[in-house]
Amino acid sequence: INSNLSLLINGTANNYTVNVLENINITAIRTEGESDINLYRNSSLISSGISLENITSYNHSGTYNITAIYPTTQNYTGYSITYIITVNNAPPTVTLNTPLHTEFKRNTFNFQYQVSDPNGILDVQNCTLYKNVNETGWVMHNSTKPNSTNNIEYYVNSSKNITEDVEWYVNCTDNSGLTSNSSAR
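Computed from a predicted structure; not experimentally measured.

Rules of the game
Residues numbered from 1 in each chain as written. Predicted model: local features only at pLDDT ≥ 70, side-chain atom pairs only at ≥ 80, totals over all residues. Heavy atoms only, no water. Helix = DSSP H or I, 4+ residues; strand = E, 2+ residues; numbered from the N terminus. Buried < 20%, exposed > 50% of the residue type's maximum accessible area, 1.4 Å probe, protein only. Contact = heavy atoms within 4.5 Å. Pairing = 2+ DSSP bridges. Axes fitted to C-alpha atoms, helices over the stretch in contact; angles between N-to-C directions.

J.: Where do I start with the overall build of the protein chain in this structure?
T.: A count of helices and strands for the protein chain gives zero helices and 16 strands. The buried share among the 185 residues of the protein chain stands at 36%. By sequence separation, contacts in the protein chain at least 24 residues apart represent 61% of the contacts at least 6 residues apart.

J.: I tried to follow the sheet that holds strand S6 (residues 51–56) on my own but got confused; where do I start?
T.: Adjacent strands of a sheet pair through backbone hydrogen bonds, lying either parallel or antiparallel. The three strands are arranged S1-S3-S6 in an open sheet whose pairing can be described as antiparallel. Edge positions in the open sheet fall to strand S1 (4–9) and S6, since each of these has one partner strand only. Averaged over all neighbouring strand pairs, the angle between strand axes comes to 10°, with direction disregarded. Alignment of strand S3 (residues 24–32) against S6, held across six bridges, turns out to be antiparallel. The residue of S6 that forms the bridge with Asn25 is Ile55.

J.: I keep staring at unusual backbone geometry and nothing clicks. Help me out?
T.: As a rule of thumb, non-glycine residues mostly have phi less than zero, and peptide bonds are mostly trans rather than cis. Backbone geometry places Leu21, a non-glycine residue, at a positive phi of 70°. Inspection of the secondary structure puts Leu21 in the loop between strand S2 (16–19) and S3. Not every positive phi belongs to a glycine, and Asn42 is a case in point at roughly 50°. Position of Asn42 among the secondary structure elements: in the loop between strand S4 (37–41) and strand S5 (44–49).

J.: So what exactly am I meant to see when it comes to the environment of Ser47 here?
T.: Its location among the elements puts Ser47 in strand S5. The class of Ser47 is partly exposed, set by a relative accessible area of 21%. For the pair Ser47 and Ala28, spaced 19 residues apart in sequence, the C-alpha separation works out to 9.6 Å. The residues contacting Ser47, other than those within four sequence positions of it, are Ile37, Asn38, Leu39 and Leu52.

Written as structure tokens, this is what we have:
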């Protein structure tokens, strides 16, 4: 007699892709048979029983084999199902801090932003300030290796305090090549 076993990844009977630190629900259910089923991740047992639910998240990108196994018993034929979970690195998150407004009456501007990445700040490769002064078009101003305090100074080529309307945003790229832009202000 054949056993009846199902394996679901976030409710689907298929391979699945998630981002780092995103919750995922792995469910294995034996609907016919007489033995416990075993649930494995990359050949390591993570759970045993008749109906299994494992809600987890992954800290690092990679590929994970999820296998549910019903072992052969005296009355039922063994059966297994394997799906692959692919975990992608999520892009960095960029937030503008200062300045809060866009019109300046001075010759030095100090831009501050915060950046974070699911794999840590060391995974962020660089951040670039883009500015649009007096609606003349977007220009890359500076590219830096970010840290916990991110200050970028912009100097106007003038000894006088002048009024400029400056719109700006920051683009950050992580070591996986994923990018994210802050909002523009």
